[in-house]
Amino acid sequence: MNKGLIQAVGAYTVWGISPVFWKGLSEIPAMYSLAHRMFWTFVVMALLQTLRHSWPRFREQNSSRRSRIIGVMSALLIGTNWLVWVWAMNVDRVVEGSLGYYINPLVSVFLGVVFLGESLRRRQWLAVSLAGIGVIWLTISVGSLPWVSLVLAGTFGLYGLSKKLTEQTPINGLTSEMLVMLLPALTYLLICTFNGSQTLEETSFLEVVLLIASGCFTAAPLLLFANAVKEVPLSVIGLLQFLAPTAQFLLGVLAYDEPFDMMQLVGFIIIWSALFIFITDNFKSLKSKIQITDSSN
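Summary of the structure given here. Predicted model, so just to flag it, every value in this text is computed and none were measured.

### Describing empty space enclosed by the protein
Okay, so step 1: All chains considered together, the criterion is met by 1 cavity of 30 Å³ or more.
Okay, so step 2: Its volume calculated, the largest cavity comes out at about 220 Å³.
Okay, so step 3: What lines the largest cavity is a set of 19 residues, and nearest its centre among them are Trp15, Arg37, Asn81, Tyr101 and Phe156.
Okay, so step 4: Elements with a minimum of two residues in the lining of the largest cavity: helix 1 (2–16), helix 2 (18–23), helix 5 (65–90), helix 10 (205–231) and helix 12 (243–255).

### Concerning the packing of aromatic side chains
Okay, so step 1: Evaluated as defined, the whole model comprises 15 aromatic pairs.
Okay, so step 2: Geometrically, the ring pair formed by tyrosine 101 and phenylalanine 156 is edge-to-face, given 6.2 Å between the ring centres and 80 degrees between the ring planes. Here tyrosine 101, found in helix 6 (residues 94–116), pairs with phenylalanine 156, found in helix 8 (residues 147–165); they are 55 residues apart in sequence, far enough to count as distant.
Okay, so step 3: The buried category is assigned to tyrosine 101, whose relative accessible area is 11%.
Okay, so step 4: A cation sits over an aromatic face here: lysine 23 above tyrosine 256, 4.9 Å from the ring centre.

### Some details on the side chain of asparagine 90
Okay, so step 1: Along the polypeptide, asparagine 90 turns up in helix 5.
Okay, so step 2: Sequence-distant contacts of asparagine 90, that is, excluding residues within four places in its chain, are made with Trp22, Leu25, Ser26, Ile28, Pro29 and Ala30.

### Observations regarding the environment of lysine 163
Okay, so step 1: Structurally, the position occupied by lysine 163 is in helix 8.
Okay, so step 2: For lysine 163, a relative accessible area of 5% corresponds to the buried category.
Okay, so step 3: Once residues lying within four places of it in the same chain are set aside, the contact partners of lysine 163 are Gly173, Leu174, Glu177, Phe225, Ala226, Val229 and Lys230.

### Concerning the packing of helix 1 against helix 10
Okay, so step 1: Contact pair helix 1 / helix 10: the axes reach a minimum separation of 8 Å and the direction vectors enclose 150 degrees. In terms of axis orientation, helix 1 runs roughly antiparallel to helix 10. Relative to helix 10, helix 1 is oriented so that their crossing is left-handed. Counting all contacts with helix 1, which are made through Lys3, Gly4, Gln7, Ala8, Gly10, Ala11, Tyr12, Val14 and Trp15, the residues of helix 10 involved are Phe217, Pro221, Leu222, Leu224, Phe225, Asn227, Ala228 and Glu231.
Okay, so step 2: Classifying every residue of the contact of helix 1 with helix 10 gives 11 nonpolar, 4 polar and 2 charged.

### Focus on the packing of helix 6 against helix 8
Okay, so step 1: Between helix 6 and helix 8, whose axes approach to 7 Å, the crossing angle comes to 40 degrees. The angle between the axes of helix 6 and helix 8 places the two elements in the oblique class. Note that helix 6 runs across helix 8; the crossing there is right-handed. Seen from helix 6, the contacting residues are Glu96, Gly97, Leu99, Gly100, Tyr101, Ile103, Asn104, Val107, Ser108, Leu111 and Leu116; seen from helix 8, they are Trp147, Val148, Ser149, Leu150, Leu152, Ala153, Phe156, Gly157, Leu158, Leu161, Lys164 and Leu165.
Okay, so step 2: When the residues that make up the contact of helix 6 with helix 8 are grouped by side-chain class, the tally is 15 nonpolar, 6 polar and 2 charged.

### Focus on the pattern of salt bridges
Okay, so step 1: All told, the structure shown has 4 salt bridges when counted by the stated rule.
Okay, so step 2: Across the pair glutamate 167 and arginine 66 runs a salt bridge whose closest N-O atoms are separated by 3.4 Å. With a gap of 101 residues between them, glutamate 167 in the loop between helix 8 and helix 9 (170–195) and arginine 66 in helix 5 connect regions that are remote in the sequence.
Okay, so step 3: The exposure class assigned to arginine 66 is partly exposed, which follows from its relative accessible area of 41%.

### Focus: helix 6
One full turn of an α-helix is made of 3.6 residues, so residues set three or four places apart face in the same direction.
Okay, so step 1: A rise of 1.5 Å per residue sets the reference length of helix 6, with its 23 residues, at 33 Å; its end C-alpha atoms lie 32 Å apart and thus fit the reference within 8%.
Okay, so step 2: Remark: glycine 117 follows helix 6 within two positions and exhibits a positive phi of approximately 70 degrees.

### Here we look at unusual backbone geometry
Okay, so step 1: Of note, histidine 53 is a non-glycine position whose phi angle comes to about 55 degrees, a positive value.
Okay, so step 2: Considering the arrangement of structural elements, one finds histidine 53 in the loop between helix 3 (30–52) and helix 4 (55–61).

Thresholds applied
Position numbers for residues count from 1 along each chain, tracking the sequence in the order it is written. This being a predicted model, a pLDDT of at least 70 is required before a residue's local features are given, and a value of 80 or more before pairs of side-chain atoms are given or counted; all residues contribute to the totals for chains, interfaces and linings. Computation of side-chain values covers all heavy atoms of the structure but excludes hydrogens and water. The method works on a 1 Å grid over the protein atoms by themselves. A cavity is a set of points holding a 1.4 Å probe that cannot get out, a pocket is an open set with protein on both sides within 12 Å along at least five of seven lines, and residues with an atom within 4 Å of a point line them. Grid points are joined across faces, edges and corners, and a volume is the space filled by probe spheres set on the points. Numbering of helices and strands starts at the N terminus; helices are DSSP runs of H or I of at least 4 residues and strands are runs of E of at least 2. Ring geometry is summarised as follows: Phe, Tyr and Trp rings, the Trp one being its six-membered ring, pair when their centres sit within 6.5 Å, and such pairs are stacked at plane angles under 30 degrees, edge-to-face over 60 and tilted between the two. When accessible area is computed with a 1.4 Å probe and restricted to protein chains, residues below 20% of their type maximum are described as buried, those above 50% as exposed, and intermediate ones as partly exposed. Only when the NZ of Lys or the CZ of Arg is both within 6 Å of the ring centre and within 35 degrees of the ring normal is a charge said to sit over the ring. Throughout, a residue-residue contact means that at least one pair of heavy atoms, one from each residue, lies within 4.5 Å. What counts as an axis is a line fitted to C-alpha atoms, over the stretch in contact for a helix, and the angles between N-to-C directions run from 0 to 180 degrees. Orientation is classified from the angle alone, with under 35 degrees giving roughly parallel, over 145 giving roughly antiparallel, 65 to 115 giving roughly perpendicular, and any other angle giving oblique. Crossing chirality is assigned from the near helix's rotation relative to the far helix, an anticlockwise turn below a right angle marking it left-handed and a clockwise turn marking it right-handed. Think of it as three bins: nonpolar holds Ala, Val, Leu, Ile, Met, Phe, Trp, Tyr, Cys and Pro, charged holds Asp, Glu, Lys and Arg, and polar takes everything else, Gly as well. Salt bridge, as used here: a side-chain nitrogen of Lys or Arg that lies within 4 Å of a carboxyl oxygen of Asp or Glu. What a helix should span is 1.5 Å times the count of its residues minus one.

Pasting the structure below:
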């Protein structure tokens, strides 16, 4: 559990600062950035598989129909999530994007309880309820249906569920997803090159570096997340996800001057209260388990 929690915190920290990375590509169309992201992430995963000499195990784990179906569905979910997120960064909707990842933990908790039979302690239910109130408050403060937020929350929540259900290792699962994305990504890049709508020659040196680096920037937190979700209950993963949108929201407000009013502040205070309750509850639970283990020894 401790290792899983550390991996989850690491993944959400990277995702929390991701607006800084993707803002560097804000002059590039979202679809073009997405295609490069897919391609270079596949390159990273292929290198990992080669260095680990794990291609035979990859083929073995992808031999079943169930694994292939989950791989395709996971690829569609995370691909949609990436596209909407990059587009939101391009059009200065970091705040609305962060709202999606505030809603996402509730989706994860719902999926964990309903489909995986996970249970929550009383204080965890209180934390979830407070978080729900905070999300509703933030949603109302936006003033319109936050479709960006809803799409991000839904796709990543279902992606987390698919990682929980798959029998593949995290590296093999992500490699499978990138294989599904590879052909569409290459096709789109070739079309852009031949019709002249977008080429690397039109981008700056920094943008080219960022496009290539997007593979590592994408693969690292996804692998951490995939490892964490195997060891930590989906309900816990869902609540920890508040770390990333908090960092994203603060970046949107403080670094990118997006609107932030008193209603949003109230919503944040409610959600931070939920986080405090959740963290203290888990600390007490972990302390009790340690005491029981010590007494049994």
